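Structural characterization, general
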Amino acid sequence: MSPKNETAVLAVSLLITLGLLGAGAWWVTHRTPNTSIGGLFQGDGGSNDKPEATSTQISFGEQAITEGTLSTSKRQGIEALAQKNYQQAVADLTTALREQRNDPETLIFLNNARIGQQKSYAIAVVAPLKTDLNGALEIFRGVAQAQTEINQAGGINGALLRVAIANDGNDPETAKRLAATLVENEQILGVVGHYASDVTLATKPVYTAGELVAISPVSTSVALSASDTQSVGARQYVFRTVPSDYVAARALADYMLTQLQKKNAAVFFNSQSNYSKSLKSEFTTSVLTRGGQVVAEFDLADASFSAAKSIEQAVNQNAEVLMLAANTAGLDRALQVVQVNRQRLPLLGGDDVYTPKTLEVGGDAAVGMVLSVPWHIDGNPSSKFPSQSRQLWGGDVNWRTALAYDATQALAAGLQRNPTRAGIQQTLSSSSFAASGASGTIRFLPSGDRNASVQLVRIVPGQRSGTGYDFVPVPLP
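Structural notes, computed from the coordinates. (Residues numbered from 1 in each chain as written. Predicted model: local features only at pLDDT ≥ 70, side-chain atom pairs only at ≥ 80, totals over all residues. Heavy atoms only, no water.)

1. A few points about the pairing of strand β8 (residues 293-299)
Our working rule: Only strands joined by at least two bridges in the DSSP assignment are considered to pair. Strands are runs of DSSP state E lasting at least two residues, helices are runs of H or I lasting at least four, and both sets are numbered from the N terminus onward.
Pairing geometry for strand β7 (residues 264-269) and β8, over six bridges, is parallel. Residue pairing in the sheet places A266 in a bridge with A296 of β8.

2. Topic: the nonpolar core
Our working rule: To define a nonpolar core, start from buried Ala, Val, Leu, Ile, Met, Phe, Trp, Tyr and Cys residues and group those joined through side-chain atoms within 4.5 Å. Summary of the burial criterion: residues with accessible area below 20% of their type's maximum are buried, those above 50% are exposed, and those between are partly exposed, where the area comes from a 1.4 Å probe applied to protein chains only. Should any heavy atoms of two residues lie within 4.5 Å, those residues are considered in contact.
In terms of nonpolar packing, the biggest core is built from 100 residues, with L322 and M369 touching the most fellow members. Of all the elements, helix α15 (residues 399-417) adds the most residues to this core, at 11 residues. With sequence-adjacent residues up to four places away left out, L322 is seen in contact with A266, F268, I311, A314, V337, N341, L345, P346, L347 and L348. Counting 23 residues, the second-largest nonpolar core is a separate cluster that includes A248, A253, A265 and A325.

3. Some remarks on the sheet that holds strand β15 (residues 469-473)
Adjacent strands of a sheet pair through backbone hydrogen bonds, lying either parallel or antiparallel. What counts here: Axes, fitted as lines to C-alpha atoms, cover a helix only where it is in contact. Angles between the N-to-C directions of the axes lie from 0 to 180 degrees.
Reading across from one edge, β8-β7-β9-β10-β11-β14-β15 is the order of the seven strands in this open sheet, with mixed pairing throughout. In this open sheet, the two strands that pair with only one neighbour each are β8 and β15. Pairwise comparison of adjacent strand axes, ignoring direction, gives a mean angle of 25° for this sheet. In this structure, strand β11 (residues 370-373) lies alongside strand β14 (residues 455-461), joined through four bridges in antiparallel fashion. Of the residues in β14, the one forming a bridge with V370 is R458. Sheet strands in contact with helix α10 (residues 274-288) are β7, β8, β9 (321-325) and β10 (347-349), and its direction is about 165° off that of β8. The sheet contacts of helix α12 (residues 331-341) involve β7, β9 and β10, and relative to β9 the element is tilted by about 160°.

4. Let's talk about the environment of E62
For clarity, the threshold we go by: Contacts described as polar in this section are N or O atom pairs within 3.5 Å, which, within protein, must combine one atom able to donate a hydrogen with one able to accept it, while residues neighboring in sequence count only if both atoms come from side chains.
Relative to the helices and strands, E62 resides in the loop between β1 (58-59) and α3 (72-82). Given the relative accessible area of 35%, E62 is considered partly exposed. Taking the C-alpha atoms as reference, E62 lies 8.8 Å from K84; in sequence the two are 22 residues apart. Apart from residues no more than four positions distant in its own chain, E62 is found in contact with I78, L81 and A82. Within polar-contact distance, the side chain of E62 engages the backbone nitrogen of F60 at 3.1 Å.

5. Looking at the pattern of salt bridges
What counts is decided by this rule: Here, a salt bridge means any Lys or Arg side-chain nitrogen found within 4 Å of an Asp or Glu carboxyl oxygen.
The final tally for this structure, using the stated rule, is 13 salt bridges. A salt bridge links E138 to R400, with the nearest nitrogen and oxygen atoms 2.1 Å apart. Here the residue E138 occupies a position in helix α6 (residues 133-152), and R400 occupies one in helix α15, the gap between them amounting to 262 residues. In this structure, E138 and R400 share a single accessibility class: buried. The salt bridge involving R344 is made with E312; its shortest N-O contact spans 2.7 Å. Here R344 is found in the loop between α12 and β10, whereas its partner E312 is found in helix α11 (residues 307-316), with 32 residues between them in sequence. When its relative accessible area of 45% is taken as the criterion, R344 is described as partly exposed. Its relative accessible area of 38% is what places E312 among the partly exposed residues. Salt bridges sharing partners connect three or more residues here, namely K74, D103 and E105.

6. Concerning the environment of S216
Along the chain, S216 turns up in strand β5 (residues 214-216). Contacts of S216, omitting those with residues within four sequence positions, involve G193, H194, Y195, T200, F239, R240, T241 and V242.

7. Remarks on the sheet that holds strand β3 (residues 160-167)
Ordered in space as β1-β3-β2-β4-β5-β6, the six strands form an open sheet in which the pairing is mixed. The two strands at the open ends of the sheet, each matched to only one other strand, are β1 and β6 (238-240). Both β5 and β6 contribute to a ladder of three bridges, which runs parallel. Each bridged residue has a counterpart across the sheet, and for S216 the counterpart in β6 is R240. Set on the sheet, α15 makes contact with β2 (120-127), β3, β4 (188-192) and β5; between it and β4 the angle comes to about 155°.

What follows is the structure, given as structure tokens:
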């Protein structure tokens, strides 16, 4: 996280932005303190809201996708852009961005306005804007930052990068309809998205049939690694810049067995979440293959779930470690486990537990918990991305922003090699493909998975987050 003064600037900026985006989003943000832009570290979540997929959910800047009252300058800029009055749109959106520095929608629209009638390549970024505003804004910031840097450097072989924003409500059916719309739009050459693993899984057949590359910066389920077809010559169209649950689970299992020197674990998971089930399964397999065992499993979605009874049962079955494979929907019950455990047994967790709520609610009981996350801002001191993002947004960003940035850079590298849908797919699928990103070199396995490791972090007492506790990288052994 940033030093205390930067955190204060960020908090003020975020409250202004979210207040203008709508009172509902403001309330959600306030009940969980934020120390990074758009909310800290929430993982592969889901939603029960199911808005219809319509043309109003896709915009190059002719209409706002985020809900709520717009500032006068942003509203005027959007109106000017819709009328193709690009000079006026640039002026108004520049003012709007000055007023709300950390609003990525405004920056993307401003970049599009600056392009005007110039040659450009178009991509889309899809996120659940109306159901998970914080998570969507985090993704949009990564795309907006990459777009800004690419265009400021002269574009891609002389063509600038134009970005459309789309909202899928984090709902599989809505997302499938939206994916079909993007496939039909021939100017869209690639997609950054989707968010929850269940949503990305639902859209994978659509992108594959439509031969349009999509890169998810968030979805981690191992089910995405499976090919849609076993036929000879089958091509991969859905990639991801986030490592799969296989990688995260293996890192957690290795830490338990070698660093903690414990062999018996109890796992808490949500049976209603593909992500949660995937992480649980991969952790169990990794532990078993290395001589340990999972002695108990507890379903956070069970109506009769009791944290106290579950922990006692785990202890009676000789559990030495508690592993929290919770998704966002199961986080509250997972935090009950943290509170009841009170450091009795060591705690491990996946990236959905990596939230400010864990720090705030877990408190002293969460100290020492180790989580596996795709990226941490302090994980690579030599990286330029943290300082560049702070300069652009006025504060620290999290892993979701970093990996959305990487997804955009990967698409840009594909466009540079061959600016067609087929060309991008061939470039990203090549064994020799490599591109530079926020989290290091971007490479893909034949499955479309990111060929990268994860970062383990530990909860310790600290002041950077404003909760009295912080996530810090775990040093390599």
